[in-house]
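Secondary and tertiary structure notes
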Amino acid sequence: MTETLLEHNRAKSSLMGLDELDHFTTQKEFTRCGLCENNCALTVTIFNDGSKFVTGNRCERGAEKVTKIKFDRSNQKENLVDYKYKKLFKFKALTKRDAVHGIIGVPRVLNMYENYPLWHTILTDLGFRVQLSPKSDKKLFEKGIETIPSDTVCYPAKMVHGHIQSLIDRKVDAIFYPSVIYEQIENSKAPNHYNCPIVQSYPEVIEKNMDPIRNGEVKYFHPFVNLADHESVVKSLIKAFSKYEDITAEDIQNAVEHGYQALADFKQDLQDKADELLSTLALKGEKAIVLSGRPYHLDPEINHGIANIITQEGFHVLTEDMVAGLEEVSGLRVVNQWVYHSRLYAAAKVVSKNPNLELVQLNSFGCGLDAVTTDQVEEIMRGHNKLYTVLKIDEGSNLGAIRIRLRSLKAAVEERDKKFKKANLDHIFNQAPQFDNQFDEEEEPKEPVFTKEMKKTHTLLMPMLSPIHQNGLIEEAFKHAGYNVVILPAMDRKAVEVGLKFVHNDACYPAIISIGQLIEALQSGKYDLDNTSVMMTQTGGGCRATNYIPLLRKALKDAGFPQVPVVSISMGNQGTEETPGWSLTYSFVKRLLISVLYGDLFERVLYRVRPYEAVPGSANALYDKWLEIARKNVMSGSYFEFNHNMKRIIKEFDSLETVDFGQKPRVGVVGEILVKYAPTANNDIVSIIENEGGEAVVPDLIGFMNYSLFNQIWKADELNMSQKAKRFAKLGIDAINLLEKPMNKALEKSERFEGIESIYDIAEGASKIISIGNHTGEGWFLTGEMIELLNNDVKNIVCLQPFGCLPNHIVGKGMVKELRRQYKAANITPIDYDPGSSEVNQLNRIRLMMTTAKKCKKQHSQALINTKNSCLASN
């Protein structure tokens with residue numbers, strides 16, 4: 001009886017029996033969904049009973065199409081990412097008949113996801129039929145893959161090549177792809193409004209690496225523009241379209257104003273749509289996720305349809321620009337220098353205060369800028385007890401892992417909300433009176449400031465940049481100005497290990513080394529921590545180096561040294577630290593310039609002569625002798641004494657006994673400024689070149705100062721920016737030229753050394769290959785240095801960059817193909833440096849370059865001998 005009841009109540013197992021397993025079969029079919037822009041690649045598994053299982057779909061529509069099973073959409077969530085994408089590119093083009101200036105292609109890439117309404121309207125008003133490139137997919141990516149010069153650049157940048165190639169294949173008359181340096185100002189409290197270095201300059205890479213454009217088979221317009229200034233946009237477009245005689249300045253002026261209005265209308269529509277959804281959320285108590293990132297993360301191929309997955313998990317979804325206007329953020333730990341990041345911070349602030357919103361940040365693999373943004377966004381969210389999720393995406397589409405992350409977020413949100421409700425109930429019954437202030441914003445403690453009193457008592461620690469410049473020379477300049485400066489060691493591998501502990505691992509290598517050096521020194525026990533400060537420079541431009549000070553300040557806190565003041569030395573007023581104890585006087589600046597001039601001179605003469613010295617160690621001995629004399633000159637600050645010493649230095653190195661002078665291959669060293677000069681960063685590249693049988697040629701440090709000043713002149717002339725900055729820059733360059741003039745004459749008169757090339761000549765040479773509008777990092781100057789070396793018969797060049805250095809994707813690796821075209825004997829090797837790079841691999845690449853250099857040198861020498869013998873025979 002009991003057994004019968006048990007059998008009756010026992011549920012039948014849904015697992016297959018042995019007989020069924022014996023006859024179990026499956027087959028696979030592959031298809032495309034085609035119901036939206038994602039066009040998902042579906043894998044359909046068909047079982048022997050006819051049932052189907054679908055994978056590869058980013059939403060239920062793909063499965064619905066294949067299985068014919070209807071899903072319940074009664075509670076469908078709003079997807080404003082999808083809405084924005086469709087709205088953005090829904091502009092009507094002119095008919096071919098009305099397009100008096102033909103068809104102009106516009107690639108659906110990078111800054112077009114921000115400004116397409118502006119450009120479409122302008123081009124249409126000027127009589128062009130606008131042809132968009134197709135929607136992104138893997139086939140399109142593969143179409144341009146062979147022309148990508150840097151394999152470590154982000155996926156959105158790699159995708160540009162395919163879009164441009166598709167326009168070329170469609171036989172458009174021209175392609176319009178502008179370089180947008182500055183976006184419109186959205187946050188008046190932000191110190192700047194730059195675009196990402198890749199967004200700014202990728203049109204340059206396209207021009208120099210895609211042959212149909214480079215060869216002029218299709219017209220290519222890529223003006224550098226400042227969208228914050230309408231007048232400068234008009235000026236740039238007048239210059240760009242000057243070949244069209246019937247397009248007048250008035251036409252462009254009217255088109256530009258119409259374009260800005262179209263862009264404003266588009267953004268207002270998005271805002272209205274978002275406001276409507278936010279009202280619904282508040283009314284119904286539903287949840288939405290702000291899917292934040294950069295405008296081009298709107299591309300379904302780049303975001304892999306993540307917005308669809310979010311809606312499937314029960315959240316509505318918006319983009320960061322739809323809510324960013326509700327806050328104007330200030331008081332950040334970082335320098336708020338990029339417009340898109342301004343939105344991230346503002347969106348995070350809005351989300352942190354709204355119980356109906358959560359935030360997910362998209363981060364493209366290889367985006368070094370997000371080493372800055374992710375930490376700051378997390379701090380904003382954490383300050384309000386909000387969860388922070390960042391999804392790193394690239395060309396791979398592991399949606400399973402992304403779905404797990406989003407489900408984890410959902411579960412965590414639900415758990416947090418339960419606790420929140422319970423805490424509210426407890427508060428009602430007076431069981432948790434402290435809850436009132438749980439989400440109040442905590443006031444950040446003020447950072448320690450380097451005061452005038454500290455100048456008298458504090459030791460200032462400075463990271464090593466260039467030993468040959470800082471080896472006692474710059475220290476003397478600081479000491480005479482009243483600062484007790486200690487410059488940290490030239491070779492310090494431990495600094496890398498320490499830096500990795502306290503700096504975001506996506507931050508660039510120079511930041512890791514410099515901050516690591518400072519933290520290591522503070523940990524050493526050598527310094528009185530109550531009387532020690534640290535010093536670091538900021539560029540003040542669009543490079544992430546402008547954020548080194550915030551990275552340093554965070555590292556000091558995390559390492560347990562929050563009391564240590566930071567002295568911020570920056571180009572322009574971009575510092576984030578108050579430094580009343582720091583000032584530049586005329587005598588201080590003069591001594592600093594003398595120090596740098598000595599360093600540049602020693603670099604020229606020592607590196608030129610040392611590989612050929614007849615007596616080993618004689619070149620270094622001569623250098624040591626003059627270094628001591630130079631230190632005394634820096635103390636005196638006498639420019640006349642410098643001129644006297646400089647001539648004697650050149651003379652003595654010119655007459656130092658050598659063997660086979662000039663017979664070794666000369667190898668130029670260019671790249672990111674710290675990696676180029678600091679032995680810790682480049683594994684002592686000068687010694688490696690000399691040990692491998694070459695002669696190192698390292699460009700002057702003062703050239704970077706001239707480059708920074710020159711950029712202010714270009715910005716004033718081309719982007720309608722500060723005329724005052726232009727006047728100051730011209731004055732600075734003239735002063736440096738005046739100081740260098742006697743040294744240049746002495747070098748030109750010498751037997752062994754070359755003279756100093758003017759920054760204006762370097763700019764003119766660079767402009768033949770790259771636009772002078774490239775100002776991020778080393779910018780056009782890096783390309784200019786390579787051209788200067790090639791023109792001076794230095795055909796072998798190592799281009800050193802930190803792994804993932806955004807400007808170097810453009811001005812370094814991005815220009816190599818064109819340099820090799822124009823200089824047939826150019827032997828250029830780009831080398832990446834970062835904490836995980838293999839020194840053996842780097843050394844092997846240098847050795848391979850040196851082998852080629854020696855072979856070319858031998859062939860060149862043999863050709864000269866043959867020519868000489870031929871001349872003798874004919875005589």
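These figures come from a predicted structure and were not determined experimentally.

Considerations on the UniProt feature "domain: DUF2229" (unreviewed entry) in the protein chain
- The residues that UniProt annotates with the feature "domain: DUF2229" (unreviewed entry) are residues 104-323.
- Between the end C-alpha atoms of residues 104-323 there is a gap of 34 Å, over a span that is 50% helix and 13% strand.

Some remarks on the environment of Val 329
- Relative to the elements of secondary structure, Val 329 occurs in the loop between β11 (316-319) and α14 (339-353).
- Along the backbone, Val 329 and Asn 844 are 515 residues apart, and their C-alpha atoms lie at a distance of 48 Å.
- Here Val 329 is in contact with Asn 187, Lys 189, Asn 336, Tyr 345, Ala 346 and Lys 349, once residues within four sequence places are set aside.

Looking at the pattern of salt bridges
- If you walk through the whole model with that rule in mind, you get 44 salt bridges.
- Close ionic contact of Glu 818 with Arg 214 constitutes a salt bridge, the shortest N to O distance being 2.9 Å. Of this pair, Glu 818 sits in helix α34 (residues 813-822) while Arg 214 sits in helix α9 (residues 211-214), placing them 604 residues apart in sequence.
- Glu 818 gets classed as buried once you look at its relative accessible area, which sits at 3%.
- A relative accessible area of 32% places Arg 214 in the partly exposed class.
- Between Glu 358 and Arg 416 there is a salt bridge, with the nearest N and O atoms lying 2.7 Å from each other. In this pair, Glu 358 is assigned in strand β12 (residues 357-364) and Arg 416 in helix α16 (residues 399-428), connecting sequence segments 58 residues apart.

A few points about unusual backbone geometry
- Even without glycine at this site, Lys 171 takes up a positive phi of about 60 degrees.
- With respect to the secondary-structure elements, Lys 171 resides in the loop between α7 (155-169) and β6 (174-176).
- Of the residues examined, Lys 171 reaches a relative accessible area of 71% and is grouped as exposed.
- For Asn 720, which is not a glycine, the phi torsion comes out positive at approximately 60 degrees.

Quick look at a positive patch on the surface
- There is a patch of like positive charges on the surface, built from Lys 647, Lys 741, Lys 745 and Lys 749.
- Per-element accounting of the positive patch gives the leading share, three residues, to helix α30 (residues 723-749).

Observations concerning α7
- For α7, spanning 15 residues, the distance from its first C-alpha to its last is 22 Å, which sits close to the expected 21 Å at 1.5 Å a residue.
- Counted residue by residue, α7 has 14 buried out of 15 residues, so it is predominantly covered.
- With its phi angle positive at about 60 degrees, Lys 171 sits one or two positions after the end of α7.

Examining the sheet that holds strand β19 (residues 695-697)
- The four strands are arranged β19-β18-β20-β21 in an open sheet whose pairing can be described as parallel. Two strands bound the open sheet, and with one partner strand each, they are β19 and β21 (827-833). When the angles between neighbouring strand axes are averaged without regard to direction, this sheet yields 25 degrees.
- Sheet analysis places strand β20 (residues 796-802) next to β21, joined by seven bridges and oriented parallel. Residue Gln 801 lies in a different strand from β21, and its bridge partner there is Asp 832.
- Against the sheet, helix α32 (residues 779-791) contacts β18 (666-671), β19, β20 and β21, and its axis sits at roughly 170 degrees relative to β18.
- In the packing of α34 onto the sheet, the strands contacted are β20 and β21, and the crossing angle to β21 comes to about 170 degrees.

Details of the nonpolar core
- Trp 119, Phe 176, Tyr 202, Phe 241, Leu 318, Phe 602 and Trp 780 are the most contacted members of the largest nonpolar core, which has 231 residues in total.
- The biggest single contributor to this core is helix α23 (residues 586-609), with twelve residues.
- Leu 488, Ala 507, Leu 522 and Ala 545 belong to the second-largest nonpolar core, a separate cluster that totals 29 residues.

Examining the side chain of Arg 604
- As for its placement among the helices and strands, Arg 604 is situated in helix α23.
- Those residues in contact with Arg 604, other than ones at most four positions away along the chain, are Asp 700, Leu 747, Phe 753, Glu 754, Gly 755 and Ile 756.

Things to note about the sheet that holds strand β3 (residues 52-55)
- Taken in spatial order, the three strands of this open sheet run β1-β2-β3, and their pairing is antiparallel. This sheet does not close on itself; its edge strands, each paired only once, are β1 (26-32) and β3. Across the sheet, the mean angle separating the axes of adjacent strands is 25 degrees when strand polarity is ignored.
- One ladder, built from seven bridges, connects β1 with strand β2 (residues 41-47); its direction is antiparallel. Of the residues in β2, the one forming a bridge with Glu 29 is Val 44.

Examining helix α24 (residues 618-636)
- Spanning 19 residues, α24 covers 28 Å between terminal C-alpha atoms, matching the ideal 27 Å at 1.5 Å per step.
- Here α24 has its buried residues at Ser 618, Ala 619, Leu 622, Tyr 623, Trp 626, Leu 627, Ala 630, Arg 631, Asn 633 and Val 634.
- The secondary structure elements touched by the buried residues of α24 are α18 (467-470), α19 (473-480), α23 and α25 (639-654).
- Note on α24: the residue one or two positions beyond its end, Gly 637, has a positive phi of about 75 degrees.

With respect to the pairing of β20
- Here β20 lies mainly inside the structure; seven of its seven residues are buried.
- Neither face of β20 is left uncovered, since the one carrying Asn 796, Val 798, Leu 800 and Pro 802 and the one carrying Ile 797, Cys 799 and Gln 801 both have all their residues buried.
- Taken together, the five bridges between β18 and β20 define a ladder with parallel strand orientation. Paired with Val 667 across the two strands is Asn 796, which belongs to β20.

Observations concerning the packing of aromatic side chains
- Throughout the structure, instances matching the rule amount to 32 aromatic pairs.
- A ring pair is formed by Phe 478 and Tyr 483, whose centres lie 6.1 Å apart and whose planes are at 70 degrees; its orientation type is edge-to-face.
- With relative accessibility at 4%, the residue Phe 478 sits in the buried group.
- By relative accessible area, which is 2% here, Tyr 483 ends up buried.
- An aromatic cluster is built from Trp 119, Phe 128, Phe 176, Phe 221, Phe 241 and Tyr 244, whose rings are joined through pairwise contacts.
- The ring centre of Tyr 83 lies 5.0 Å from the NZ or CZ of Lys 273, which sits over that ring.
- Its guanidinium or amino end placed over the ring of Tyr 612, Lys 664 lies 5.9 Å from that ring's centre, counting from NZ or CZ.

Reading guide: rules and limits
- Residues numbered from 1 in each chain as written.
- Predicted model: local features only at pLDDT ≥ 70, side-chain atom pairs only at ≥ 80, totals over all residues.
- Heavy atoms only, no water.
- UniProt positions renumbered as here; feature names shortened; annotations may be inferred.
- Helix = DSSP H or I, 4+ residues; strand = E, 2+ residues; numbered from the N terminus.
- Contact = heavy atoms within 4.5 Å.
- Salt bridge = Lys/Arg side-chain N within 4 Å of Asp/Glu carboxyl O.
- Buried < 20%, exposed > 50% of the residue type's maximum accessible area, 1.4 Å probe, protein only.
- Patch = residues over 30% accessible without salt bridge, like charges linked within 9 Å, V, L, I, M, F, W, Y side chains within 5 Å.
- Areas by Shrake-Rupley, 256 points an atom, 1.4 Å probe, with all protein chains shown as cover.
- Lys, Arg positive; Asp, Glu negative; His and termini not counted.
- Charge placed at Lys NZ, Arg CZ, Asp CG, Glu CD.
- Expected span 1.5 Å × (residues − 1).
- Pairing = 2+ DSSP bridges.
- Axes fitted to C-alpha atoms, helices over the stretch in contact; angles between N-to-C directions.
- Core = buried A, V, L, I, M, F, W, Y, C linked by side-chain atoms within 4.5 Å.
- Phe/Tyr/Trp six-rings, centres within 6.5 Å; stacked < 30°, edge-to-face > 60°.
- Lys NZ or Arg CZ within 6 Å of the ring centre and 35° of its normal.

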